[in-house]
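Per-entry structural report
Listed here are the chains, written in short residue letters.
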Amino acid sequence: MHHEDPHYPRAHLRPPAHWINDPNGLVFHDGAYHVFFQYNPGGVRHTDMHWGHARSHDLLHWDLLPLALAPLPDGEDADGVWSGNAVSLDARVVAFYAARRNDRWWQPVAGAVSDDGVRFNRMAELLVEQPPPDTVMFRDPYVWHDRDRWRMLVGAALADGRGAAVQYVSGDLQHWDYVGPFLAQHPTALPGGGNTEEGWECVQFASLAPDRGALVLSAWDPADGAAGTAVYLGEDCAETFEPHVLQRFDYGPDLYAPALLHAPDGRWLAWGWVWEARDEPRVGAPSAWTDEVGWAGMLSLPRELTLTEHGLHQAPAREIDRLRGRQRLEIGHAVALDEEVEIGRLGRCADLVATLGRTADGAGAAGLRLVMSADGREHLDIRLDAATGDLVVDREAASTDPRAKRGAWRVPTGVPAGGSVDIRAVIDHSVVEVFTSAGQALTMRFYPTGDAVWRLRAAGTGTGRAPLAVTAWDLNPLVIESGRRHLGTKESAS
Ligand code: FRU
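For every chain, the first residue of its written sequence is number 1, and the numbers climb from 1 along that sequence. Since the coordinates come from a predicted model, pLDDT governs what is reported: local features require at least 70, and pairs of side-chain atoms require 80 or more to be given and counted, while whole-chain, interface and lining totals use all residues.

1. Observations concerning the sheet that holds strand β2 (residues 32–40)
- What the six strands build is an open sheet, ordered β19-β1-β2-β3-β4-β37; its pairing is mixed. One side of each edge strand has no neighbouring strand; the edge strands of this open sheet are β19 (295–296) and β37 (479–482).
- In this description, strands pair whenever DSSP reports at least two bridges between them. In DSSP terms, a helix is any run of H or I states spanning at least four residues, a strand is any run of E spanning at least two, and both are numbered starting from the N terminus. Across four bridges, strand β4 (residues 61–69) lies against β37 in parallel orientation. Bridge pairing in β37 places His61 opposite Val479.

As structure tokens, then:
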């Protein structure tokens, strides 16, 4: 089914069928990267959440392992093993997750331990049973080691309308003491639109420099659900966090629940959940189209996070460069903006780097048009806005299927007239992840209908001539293998 779906990705990680959402339990253990994820092994709807599991030594070859965690009938997680993270300790993986039961509004923190990195046993007791006072939402633990103790953040909404990350500490990973809100903020406007909302899911913390940390959150609206992603950069004052800068984590419409992995070489990696943008009335709601194709969601490319003078910087993990195959095209010149010029063909899984410039008088700017149907009606545009210099990624005409979501999203680049912006775009059948050289990211889904060969055109806006350079490669698929026992059957759950 899904393999015939022209929208099924090849360079993005996911199991062959069914529903996935958040990356969970990201940990480097026993020489391998472990990526767990929210997974419904029985269907394509967001329900009955398990932890799926994939493991890799190089981020390119992945083994799908048996389900790591399954809801226990009548147990504390009877209605879902929800999101959390994991740590590697003394040859074991210790996982922390949000235990879902439909008969309570909060999700206590539960734990599970694995001796072989594959099979998990639940800890006997819940680790945090009750939410702290004055919370109205509470889920998704994130545990890390800091000096002589373990620290845990949990996503929350406070009764006074603030989104929050609340903190606990422990000496043994079993007994946790409540410290208080690490950070709590009223909804605050984000660059590029939206705000940090009244509830925070999947809070994550990275100490990116000795005195600077990044608090990553997924903004959740009590009425509308998943809204967007944000990151506060600031100072870790142990009990609390002093925010200095608020940034959007991803400028696109389709990435949520980013989660972090601290690699042994010191790198901070992140994966996000890239959801569908088909005919669901809202994120996670049933979709007839998704029912038809039998799969939903994927993980983003692994991204490397660093701190620069621009703040948090994201780029595809360097391993992804090794998926580059045949170079398809390379151009570099100034283009006239009043006509579309054919650049060359592009595969459906492609990696391209480009420089897009603005004219010196500010009257025009360069752009790229990925033409996906023979008649040219279906196209995805990546261009600079002639008037503002914003980078615009536009799927308004990417599909003639009326069910596909539309719209255009922008990244504020601040590039002046006469200047140019360097970008990289990884395109994979129905998803594009665009990165600026300043480290901003934009993730978007699109659903072209035709089976035409894809072509790239120079398609600027305004008048004059603007700089344009492009190099593109075919991207080879990830190698994703199912291990000894097949993933996707309930019987394989521990
Ligand atoms: C975020 C989220 C988490 C929750 C999980 C359930 O997408 O809502 O807060 O633990 O998904 O699948």
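2. What to know about the confidence of the model for the protein
- How sure the predictor is of each residue is captured by pLDDT, a score from 0 to 100. On average, residues of the protein score 95 in pLDDT, and 97% of them are at 70 or above.
- It is the C-beta atoms, placed from the backbone, that decide contacts: two residues are in contact if theirs lie within 7 Å. Note on residues 485–494: pLDDT under 50 across the span, and 27 contacts to partners over four residues away in sequence or across chains.

3. A closer look at the site of the ligand
- Neighbouring residues of the ligand: 14 residues in total, closest Gln38, Trp82, Ser83, Glu201 and Ala257.
- Elements represented by at least two residues in the shell around the ligand include exactly β1 (18–29), β9 (135–146), β13 (199–209) and β17 (255–262).
- Under this grouping Gly is polar, as are all residues other than the nonpolar Ala, Val, Leu, Ile, Met, Phe, Trp, Tyr, Cys and Pro and the charged Asp, Glu, Lys and Arg. A per-class count over the shell around the ligand returns seven nonpolar, three polar and four charged. We call a residue near a molecule or strand when the C-beta position, derived from backbone atoms, sits within 6 Å of it.

4. Examining the pairing of strand β12 (residues 177–185)
- As judged from the seven bridges shared by strand β11 (residues 163–170) and β12, these two strands associate in the antiparallel manner. Bridging from a neighbouring strand, Ala164 pairs with Ala184 of β12.

5. What about the domain arrangement of the protein?
- Each domain span listed reflects an automatic or database assignment of domains. Its domain assignment divides the protein into domain 1 (2–318 + 479–492) and domain 2 (320–475).
- Averaged C-alpha coordinates put domain 1 and domain 2 at centres separated by 30 Å.
- At the interface, 35 residues of domain 1 touch 32 residues of domain 2.
- Those elements giving two or more residues to the side of domain 1 that touches domain 2 turn out to be β21 (303–308) and β22 (311–316).
- Considering each element in turn, the side of domain 1 that touches domain 2 owes the most residues, five residues, to β22.
- The class makeup of the residues in the side of domain 1 that touches domain 2 is 18 nonpolar, nine polar and eight charged.

6. Here we look at the nonpolar core
- Nonpolar core, as used here: buried Ala, Val, Leu, Ile, Met, Phe, Trp, Tyr and Cys residues forming one set through C-beta atoms within 7 Å. To assign burial, the other C-beta atoms lying within 10 Å of each residue's own C-beta are counted, with C-beta atoms placed from the backbone; 20 or more indicates buried, 12 or fewer indicates exposed, and intermediate counts indicate partly exposed. In this structure, Ala165, Leu215 and Val432 are the most contacted members of the largest nonpolar core, which totals 152 residues.
- Tallying contributions element by element places strand β10 (residues 149–158) first for this core, with seven residues.
- Here this core spans two domains, since at least three of its residues come from each of domain 1 (2–318 + 479–492) and domain 2 (320–475).
- In this view, Leu215 contacts Ala165, Leu183, Val203, Phe205, Val231, Tyr232 and Phe241; residues no more than four positions away in its chain are not counted.

7. What to know about the sheet that holds strand β15 (residues 225–237)
- If you trace the four strands from one edge of the open sheet to the other, you get β13-β14-β15-β16, paired in antiparallel fashion. Two strands close off the open sheet at either side, each with one partner strand: β13 and β16 (240–248). Adjacent strand axes in the sheet meet at a mean angle of 30 degrees when their direction is disregarded.
- Here strand β14 (residues 212–221) pairs with β15 via nine bridges, running antiparallel. To get an axis, fit a line to the C-alpha atoms, keeping to the stretch in contact for a helix; angles then go from 0 to 180 degrees between the N-to-C directions.

8. Quick word on unusual backbone geometry
- A positive phi angle is found at Leu173, which is not glycine, with a value near 70 degrees.
- Mapped onto the fold, Leu173 is located in the loop between β11 and β12.
- The backbone of His429 sits at a positive phi, close to 65 degrees, despite the residue not being glycine.
- The class for His429 is buried, based on 21 C-beta atoms found within 10 Å.

9. Structural notes on the environment of Glu76
- Take Glu76: it is sitting in the loop between β4 and β5 (86–89).
- A sequence separation of 33 residues divides Glu76 from Val109, and the C-alpha atoms of the two residues are 9.9 Å apart.
- Not counting chain neighbours up to four residues away, the residues in contact with Glu76 comprise Ala99, Arg101, Pro108, Ala110 and Leu126.

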